[in-house]
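Listed below, chain by chain, are the residues.
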Amino acid sequence: DQQVKQNSPSLSVQEGRISILNCDYTNSMFDYFLWYKKYPAEGPTFLISISSIKDKNEDGRFTVFLNKSAKHLSLHIVPSQPGDSAVYFCAASGDAGGTSYGKLTFGQGTILTVHP
Amino acid sequence: DAMVIQNPRYQVTQFGKPVTLSCSQTLNHNVMYWYQQKSSQAPKLLFHYYDKDFNNEADTPDNFQSRRPNTSFCFLDIRSPGLGDAAMYLCATSPGSTDTQYFGPGTRLTVL
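Reading guide: rules and limits
Residues numbered from 1 in each chain as written. Chains lettered and ligands numbered in written order. Predicted model: local features only at pLDDT ≥ 70, side-chain atom pairs only at ≥ 80, totals over all residues. Heavy atoms only, no water. Helix = DSSP H or I, 4+ residues; strand = E, 2+ residues; numbered from the N terminus. Rg over C-alpha atoms; globule rule 2.2 N^0.38 Å. Buried < 20%, exposed > 50% of the residue type's maximum accessible area, 1.4 Å probe, protein only. Contact = heavy atoms within 4.5 Å. Disulfide = S-S within 2.5 Å. pLDDT = per-residue confidence, 0-100. Pairing = 2+ DSSP bridges. Axes fitted to C-alpha atoms, helices over the stretch in contact; angles between N-to-C directions. Phe/Tyr/Trp six-rings, centres within 6.5 Å; stacked < 30°, edge-to-face > 60°. Buried area = accessible area lost by both parts, 1.4 Å probe. Salt bridge = Lys/Arg side-chain N within 4 Å of Asp/Glu carboxyl O. Polar contact = N/O pair within 3.5 Å; in protein donor to acceptor, adjacent residues only side chain to side chain.

### Re the overall build of chain A
And then number 1: For chain A, the helix and strand inventory stands at zero helices and 11 strands.
And then number 2: Each helix and strand of chain A, ordered N terminal to C terminal, gives the series β-β-β-β-β-β-β-β-β-β-β.
And then number 3: The globule rule puts the C-alpha radius of gyration for 116 residues at 13 Å, and the 14 Å found for chain A is close to it.
And then number 4: With respect to the three principal axes, the spread of C-alpha positions in chain A is 45 × 30 × 20 Å.
And then number 5: Taken over 116 residues, chain A has a buried fraction of 44%.
And then number 6: Considering only residue pairs separated by 6 or more positions, chain A has 56% of its internal contacts joining residues 24 or more positions apart.

### A closer look at the state of the cysteines
Working definition of a disulfide: a covalent bond connecting the sulfur atoms of two cysteines.
Residues and elements named next belong to chain A.
And then number 1: Summed over all chains, the structure comprises two disulfides over all chains.
And then number 2: What pairs with Cys23 in a disulfide is Cys90, and their sulfur atoms sit 1.9 Å apart. When the S-S torsion is 60°, as for the bridge of Cys23 with Cys90, the disulfide is right-handed. Here Cys90 lies in strand 9 (residues 86–93) and Cys23 lies in strand 3 (residues 19–25), a separation of 67 residues in the sequence.

### Remarks on the confidence of the model for chain A
And then number 1: Averaged over all residues, the pLDDT of chain A is 91; the fraction at 70 or higher stands at 93%.
And then number 2: When the criterion is pLDDT under 50, residues 96–100 of chain A qualifies, and its contacts beyond four places in sequence or with other chains add up to six contacts.

### Describing the pairing of strand 11 (residues 110–115) of chain A
Residue and element names in this part refer to chain A.
And then number 1: Because side chains alternate across strand 11, one face comprises the buried residues Thr110, Leu112 and Val114, and the other comprises Ile111, Thr113 and His115, none of which is buried.
And then number 2: Taken together, the five bridges between strand 2 (residues 10–14) and strand 11 define a ladder with parallel strand orientation. Across the sheet, residue Val13 finds its bridge partner in strand 11, namely Val114.
And then number 3: Where strand 9 meets strand 11, three bridges bridge the pair, whose relative direction is antiparallel. Bridging across to strand 11, Ala86 finds its partner in Leu112.

### Considering the sheet that holds strand 3 (residues 19–25) of chain B
All names here are of chain B.
And then number 1: Spatially, four strands are ordered 1-3-8-7 in an open sheet, and the strand pairing comes out antiparallel. Of all strands in the sheet, those with a lone pairing partner are strand 1 (4–7) and strand 7 (64–67), marking the two edges. Direction aside, the axes of adjacent strands within the sheet are offset by 20° on average.
And then number 2: Summarising the sheet, strand 3 and strand 8 (residues 73–78) pair through six bridges and their orientation is antiparallel. Within strand 8, the position partnered with Leu21 by the bridge is Leu76.

### Things to note about the packing of aromatic side chains
Note on aromatic pairs: each is described by the distance of the centres and the angle between the planes.
And then number 1: In total, this model carries 15 aromatic pairs over all chains according to the counting rule given.
And then number 2: Relative to Phe103(B), the ring of Tyr36(A) lies with its centre 5.4 Å away and its plane at 90°, an arrangement referred to as edge-to-face. On the criterion of chain membership, the pair formed by Tyr36(A) in strand 4 (residues 32–38) and Phe103(B) in strand 10 (residues 102–103) is interchain, its members lying in two chains.
And then number 3: The exposure class assigned to Tyr36(A) is buried, which follows from its relative accessible area of 0%.
And then number 4: Classification of Phe103(B) as buried rests on a relative accessible area of 11%.

### Things to note about the interface of chain B and chain A
It is common to give the size of an interface as the accessible area that goes away when the parts come together.
And then number 1: Residue-level contacts link 24 residues of chain B with 21 residues of chain A.
And then number 2: Between chain B and chain A lies a buried interface of about 1800 Å² when both sides are counted; carbon and sulfur atoms form 54% of it.
And then number 3: There are one salt bridge connecting chain B and chain A.
And then number 4: Here Glu57(B) and Lys103(A) are joined by a salt bridge, their closest N and O atoms 2.9 Å apart.
And then number 5: At the boundary of chain B with chain A, the tally comes to five residue pairs in polar contact (both at pLDDT 80 or more).
And then number 6: At the level of elements, strand 4 (31–37), strand 5 (44–50) and strand 10 of chain B are the ones that each hand at least two residues to the side of chain B that touches chain A.
And then number 7: Broken down by element, the residue count for the side of chain B that touches chain A peaks at four residues, all from strand 4 of chain B.

Following this line, the structure appears as structure tokens:
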């Protein structure tokens, strides 16, 4: 049962344009959402997060939007740069009831390629 | 710079030969996690420590064990690696006051 899904395995964008990465979740207990960026042969790097009490969080070129009713979040990168090319994972936490403190449930990732 | 360090970055072992992966952190975080990530899949949580309190995921095989001798270090022991255990192993830390986790670079394990 995949509770966090990234339905687009890959996305290709021209430099300077907007990149929009999408993520859907099924567990209504999730209350904190994160985006990580991962380069080959490196660990995931934390990018930006959002609490369920908000619907938008912005940090420089990166903005995360949360639509709780649709159980959907998205990451917008504007403007996109070639250095943004990486795998992007969304993750969610707040799945109460278990013993896993702060357990993150990850999506499968979207490969973003930004062309010069 | 405060960081999460994993050693070695690449580990090759033989089928059935025990192997230990190491993680250290200079962030002074309370929580340390071990994840397994196979190609094109999401990272999968194996277990975590909140200080010395160990929490095992229900579906983590018995073949995987962990030790946390102090705040800074955490080890992943694979007692009898099988071919299916070949993967990237990621260590992460969290202060405990938020759910944001900070990852090390990972150890790529190959089982021959």
